[in-house]
Amino acid sequence: MTGATSDETFRTAIVPAAGLGTRFLPTTKAVPKELLPVVDTPGIELVAAEAAEAGAKRMVIVTSPEKKSVVDYFQRQPELEDTLERKGKSALVEKVRRGPGLLDVEVAIQEQALGLGHAVAQAEPNLTDEDTAVAVLLPDDLVLPTGVLKRMAAVRARHGGSVLCAFDIPKEQISPYGVFDVSGTDDEDVKRVHGMVEKPAPEEAPSTFAAAGRYLLDRAVFDALGRITPGSGGELQLTDAVALLIQEGHPVHIVVHRGGRHDLGNPGGFLRAAVDFALSDPDYGPALRDWLTERIENSDS
């Protein structure tokens, strides 16, 4: 399998994928949101590729019993591969093999949707003594360009503890996010975290650094998840576990990512991601760019 790094900061990525995908109904009655294609590649494969690039050797998908197809996607299909080979479709064979070849995939079942912290906790039995830290990647978030997990691993190697990804958001747009209370380090894009405020008013936000869907968490987070109390709706929040670790002196840092992101969790964000990826595709990009230019010009007339 691919995905070794020199520092071996983490080897397991956890991907929570148990949600109902209600914003994509009625499609998600039959097709899990994570398998909807961004051009021709499901979002969960893009996330798996990011994890493998950063050094993960395996991925634990936390899902519901009804969404087994998300895990099945990463299984080899020899009959399909043989059929494509016989027809001389070698490029398609390579695409079909790409996902299963990224890393080893395991499943953890979340019987009830009781929060992100609860979802992450379901993956603990899949871990071994080698897993002193785990990466958590939210499949709704595409963080571009890829590479932030490698930077987060380097920060953990230097400072220890847990490392989270953040974006620098204009203050007037900060309210929908979880916002970090931070102090500086000798690296402009690395901050020490002292706390976090969920969805503050702009004038009450402790900073302009907002949480994104990438976490590199010390194994201690699982102990913290067992000690926090459920919040609204009986949900266990991952941020509450991180806050508890901070209170107990556990070092937590953020890496500020200066790139972009797409939110695959709603149709509008999904469409933007599909257009963005398609425009970069050598097969589809030129014709799509011409069509979009003509379409926009005509819509303005």
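Here is what the cut-offs are and how they apply
- Residues numbered from 1 in each chain as written.
- Predicted model: local features only at pLDDT ≥ 70, side-chain atom pairs only at ≥ 80, totals over all residues.
- Heavy atoms only, no water.
- UniProt positions renumbered as here; feature names shortened; annotations may be inferred.
- Axes fitted to C-alpha atoms, helices over the stretch in contact; angles between N-to-C directions.
- Helix = DSSP H or I, 4+ residues; strand = E, 2+ residues; numbered from the N terminus.
- Parallel < 35°, antiparallel > 145°, perpendicular 65-115°, else oblique.
- Left-handed = near helix turned anticlockwise from the far one by under 90°.
- Contact = heavy atoms within 4.5 Å.
- Nonpolar A, V, L, I, M, F, W, Y, C, P; charged D, E, K, R; others polar.

Within an unreviewed UniProt entry, the label attached to the protein reads UTP--glucose-1-phosphate uridylyltransferase, and the organism entered is Prauserella muralis. Of the protein, the UniProt comment under Catalytic activity (unreviewed entry) reads exactly: "alpha-D-glucose 1-phosphate + UTP + H(+) = UDP-alpha-D-glucose + diphosphate". Of the protein, the UniProt comment under Sequence similarities (unreviewed entry) reads exactly: "Belongs to the UDPGP type 2 family."

Undergrad: Got a minute to help me understand the packing of helix α3 (residues 78–86) against helix α4 (residues 90–98) in this structure?
TA: Helices that pack against each other are described as a pair by the angle of their axes relative to one another and the distance between those axes. Direction vectors running N to C along α3 and α4 enclose 165°, while the axes themselves pass 8 Å from each other. By the angle between their directions, the pair α3 and α4 is classed as roughly antiparallel. Classified by chirality, the crossing of α4 by α3 is left-handed. Together, L80, E81, L84 and E85 of α3 and L92, V93, V96 and R97 of α4 make up the contact between the two elements. Classifying every residue of the contact of α3 with α4 gives 5 nonpolar, no polar and 3 charged.

Undergrad: Honestly, the UniProt feature "domain: Nucleotidyl transferase" (unreviewed entry) in the protein in this entry has me stumped. Any pointers?
TA: Following the UniProt record, the feature "domain: Nucleotidyl transferase" (unreviewed entry) maps to residues 13–276 here. The span residues 13–276 shows a helical share of 30% and a strand share of 27%, and its end C-alpha atoms are spaced 26 Å apart.

Undergrad: What exactly am I supposed to notice about the environment of A212 here?
TA: With respect to the helices and strands, the residue A212 is situated in strand β11 (residues 209–218). Remark: the alpha-carbon pair of A212 and D168, spanning 44 residues in sequence, is separated by 10 Å. When neighbours within four sequence positions are excluded, A212 is seen to be in contact with D141, C165, A166, F167 and R261.

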